[in-house]
Amino acid sequence: MATDVVMPQMGESIFEGTITKWLKKPGDKVQRDEPLFEISTDKVDAEIPAPASGVLQEIKVPEGNTVQVNTVVGVIGDGNSASASAPAKAAAPAPTTTPASAKKEAPAPPPAVTAPQNEDEEDSDVRSSPLVRKLAREHNVDLAKISGTGTGSRVTKQDVLDFIEHRDAAPTAAPVTAPPPRQAAAPTTAAISGELVPMSQMRKIIAQRMIESRRTSAHVHCMFEVDMTRIVNLRNKLKNGFEQRHGARLTFMPFFVRAAIIALQQYPIVNCSLEGDSIRYHKHVNAGIAVALDWGLIVPVLKNADELNFLGLQRGITDLGERARSKKLMPADVEGATFTITNPGQFGAVFGLPIINQPNVAIMGVGGITKQPLVITDKDGADSIAIRSVVHLTLGYDHRIVDGALADQFMVVVKKALENWSEEIG
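Residues numbered from 1 in each chain as written. Predicted model: local features only at pLDDT ≥ 70, side-chain atom pairs only at ≥ 80, totals over all residues. Heavy atoms only, no water.

**Q** Explain the environment of P8 to me, please; I cannot follow it from the model alone.
**A** You can see P8 is positioned in the loop between strand 1 (3-6) and strand 2 (16-22). Judged by relative accessible area, which is 22%, P8 ranks as partly exposed. Residues P8 and T71, 63 residues apart in the sequence, show an inter-C-alpha distance of 8.2 Å. (Helix = DSSP H or I, 4+ residues; strand = E, 2+ residues; numbered from the N terminus. Buried < 20%, exposed > 50% of the residue type's maximum accessible area, 1.4 Å probe, protein only.)

**Q** What's the story with the packing of helix 7 (residues 253-266) against helix 9 (residues 404-419) in this structure? I'm lost.
**A** Angle between the axes and distance between the axes: these two values describe a pair of packed helices. The contact between helix 7 and helix 9 brings their axes to 8 Å, and the two run at 135°. Here helix 9 runs oblique to helix 7, going by the angle between their axes. By crossing handedness, the relation of helix 7 to helix 9 is classed as right-handed. Across the interface between the two elements, F255, F256, A259, A260, I262, A263, L264 and Q266 of helix 7 pack against F410, V413, V414, A417 and L418 of helix 9. The residue inventory of the contact of helix 7 with helix 9, partitioned by class, reads twelve nonpolar, one polar and no charged. (Axes fitted to C-alpha atoms, helices over the stretch in contact; angles between N-to-C directions. Parallel < 35°, antiparallel > 145°, perpendicular 65-115°, else oblique. Left-handed = near helix turned anticlockwise from the far one by under 90°. Contact = heavy atoms within 4.5 Å. Nonpolar A, V, L, I, M, F, W, Y, C, P; charged D, E, K, R; others polar.)

**Q** In this structure, what is going on with the sheet that holds strand 7 (residues 66-68)? I would like to understand it.
**A** Two modes of strand pairing occur in sheets, parallel and antiparallel, and in both the strands are linked by backbone hydrogen bonds. One open sheet holds the four strands; their spatial order is 5-4-2-7, and the pairing between them is antiparallel. Looking at which strands have only one partner, the edges of the open sheet turn out to be strand 5 (45-49) and strand 7. Between one strand axis and the next, the sheet turns through 40° on average, direction left out of account. Of the strand pairs in this sheet, strand 2 and strand 4 (residues 35-40) are connected by four bridges, and their pairing is antiparallel. Opposite W22, over in strand 4, you have F37 as the bridge partner. (Pairing = 2+ DSSP bridges.)

**Q** What should I look at first to understand the pattern of salt bridges in this one?
**A** When the charged atoms of two side chains with opposite charge come close together, those side chains can pair. Per the counting criterion, the structure on display carries twelve salt bridges. Where E275 meets R280, a salt bridge forms, and the shortest distance between an N and an O atom there is 3.0 Å. Exposure remark for R280: the relative accessible area of 43% places this residue in the partly exposed category. What you see here is one network of salt bridges that share partners, running through D319, R323 and D333. (Salt bridge = Lys/Arg side-chain N within 4 Å of Asp/Glu carboxyl O.)

**Q** So what exactly am I meant to see when it comes to the sheet that holds strand 3 (residues 29-30) here?
**A** Ordered in space as 1-8-6-3, the four strands form an open sheet in which the pairing is antiparallel. Either end of the sheet is taken by a strand with one partner, and the two such strands are strand 1 and strand 3.

**Q** Where do I start with the packing of aromatic side chains in this structure?
**A** Tallying each qualifying case throughout the model produces six aromatic pairs. The positively charged end of R235 is found above the aromatic ring belonging to F252, 4.6 Å away from the centroid. In this structure, K327 packs its charged tip against the face of W295, placed 4.5 Å from the ring centre. (Phe/Tyr/Trp six-rings, centres within 6.5 Å; stacked < 30°, edge-to-face > 60°. Lys NZ or Arg CZ within 6 Å of the ring centre and 35° of its normal.)

**Q** What should I look at first to understand the side chain of N271 in this one?
**A** One can find N271 in the loop between helix 7 and strand 10 (272-275). If we skip the residues at most four places from it in the chain, N271 touches L264, H282, H284, V285, T338 and F339.

**Q** Would you take a moment to explain helix 8 (residues 310-325) for this structure?
**A** Between the first and last C-alpha of helix 8 there are 23 Å, a value that for 16 residues agrees with the 22 Å anticipated at 1.5 Å per step. Among the residues making up helix 8, those that are buried are F310, L311, G312, L313, Q314, G316, I317, L320, G321, E322 and A324. Structurally, helix 8 contributes buried residues whose contacts are with helix 6 (229-246), helix 7, strand 13 (291-293), strand 14 (296-298) and strand 15 (301-302). One or two residues past the end of helix 8 sits K327, with phi positive at roughly 60°. (Expected span 1.5 Å × (residues − 1).)

**Q** Can you walk me through a nonpolar patch on the surface in this structure?
**A** The grouping of M223, V350, F351 and L353 at the surface amounts to a nonpolar patch, some 380 Å² of accessible area in total. Position of F351 among the secondary structure elements: in the loop between strand 16 (339-342) and strand 17 (362-366). For F351, a relative accessible area of 38% gives the class partly exposed. (Patch = residues over 30% accessible without salt bridge, like charges linked within 9 Å, V, L, I, M, F, W, Y side chains within 5 Å. Areas by Shrake-Rupley, 256 points an atom, 1.4 Å probe, with all protein chains shown as cover.)

**Q** What should I look at first to understand the nonpolar core in this one?
**A** Within soluble globular proteins, side chains that are nonpolar generally end up buried alongside one another. In terms of nonpolar packing, the biggest core is built from 81 residues, with F339, M364, L393, L395 and L418 touching the most fellow members. Considering every element that reaches this core, the biggest residue donor is helix 7, with nine residues. Formed by ten residues, the second largest nonpolar core is a distinct cluster that contains V126, A136, V160 and I164. (Core = buried A, V, L, I, M, F, W, Y, C linked by side-chain atoms within 4.5 Å.)

Spelled out as structure tokens, the structure:
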């Protein structure tokens with residue numbers, strides 16, 4: 001018996017997908033629900049599981065090709081056939097192919113599906129995504145030595161980065177596995193200097209939406225300096241106990257989300273969208289949380305965030321981030337945002353001037369938290385200089401809807417909520 005592997009429909013409005021990577025090669029054994037290949041659509045990048053157990057008998061659609069949903073892209077056999085077929089040399093996968101993009105994954109000659117499998121066999125007992133395994137190989141990390149913090153003890157990218165950080169704190173003689181320039185190369189492609197490489201499907205979509213947003217909204221930005229000392233001290237005090245009780249790491253993002261929700265409830269115009277000549281006021285706050293991926297940027301949405309307590313916010317943010325990095329998001333997970341938060345500060349930026357995520361009318365950028373000298377005024381009016389933990393927050397807003405004075409008033413509420421934090425965090 002043979003089972004067809006088809007391009008799935010990832011949402012009602014999605015009619016095609018691009019195969020970005022095969023995780024198995026012809027002749028490999030596969031288990032039902034095991035990740036088989038990766039796709040990119042105009043909504044999400046996702047890992048697609050095998051529909052049956054057996055042997056991957058044939059790959060009908062090579063990497064880099066775009067096909068309509070329900071197109072047969074491969075065949076899984078029972079393993080009793082005489083031999084497994086090699087990837088189709090010139091298989092016309094379906095009506096909407098884009099062969100030019102087939103070269104985007106790697107400079108190795110096609111078929112690219114034959115390379116990665118042996119490298120992953122040593123980590124086959126560890127739950128992780130292909131990107132995590134690739135990161136581990138590049139840094140000579142044994143995934144079996146890492147305790148995964150993801151769902152079902154899945155090893156996440158952050159787990160590997162934390163392991164590398166602690167390991168590299170001491171001198172190491174581990175051989176370099178790749179030249180430094182490749183480490184710094186753009187994550188969307190393994191390009192060689194001077195090579196012309198087509199953009200990935202996700203990169204094309206990001207480019208299109210950023211240009212559309214700039215053309216649509218009248219972008220204006222304001223910036224506020226916020227004293228985060230109270231929250232930094234609170235997090236340092238409670239983070240270990242929080243993780244032990246709830247199984248989730250305590251991060252700064254739920255503090256910013258909660259402060260934004262408080263401000264959005266006072267200024268609902270910032271939580272609206274423009275529909276023709278009318279303004280749509282949204283009943284709930286659906287918080288878009290921008291997640292930087294190795295291959296691009298995505299904004300999963302925490303639905304009805306205004307109804308969640310602090311623990312619910314942290315768990316929701318963690319879940320969305322992990323599923324974004326492991327390509328487990330569904331189209332519904334990236335739709336319906338009413339307000340967006342992005343965090344360039346995690347990479348060291350003092351602040352950013354983000355582009356609005358349409359159809360939102362505002363986006364808040366979170367800079368890095370750093371220690372700085374600040375003038376502190378006590379209740380008697382006496383000034384002193386103290387070392388404080390400071391963050392710079394920016395609000396990008398659509399001046400067609402939001403006036404400058406209102407944007408500043410909104411950010412004052414955010415600032416006060418953070419500097420005078422008094423809510424329970426669980």
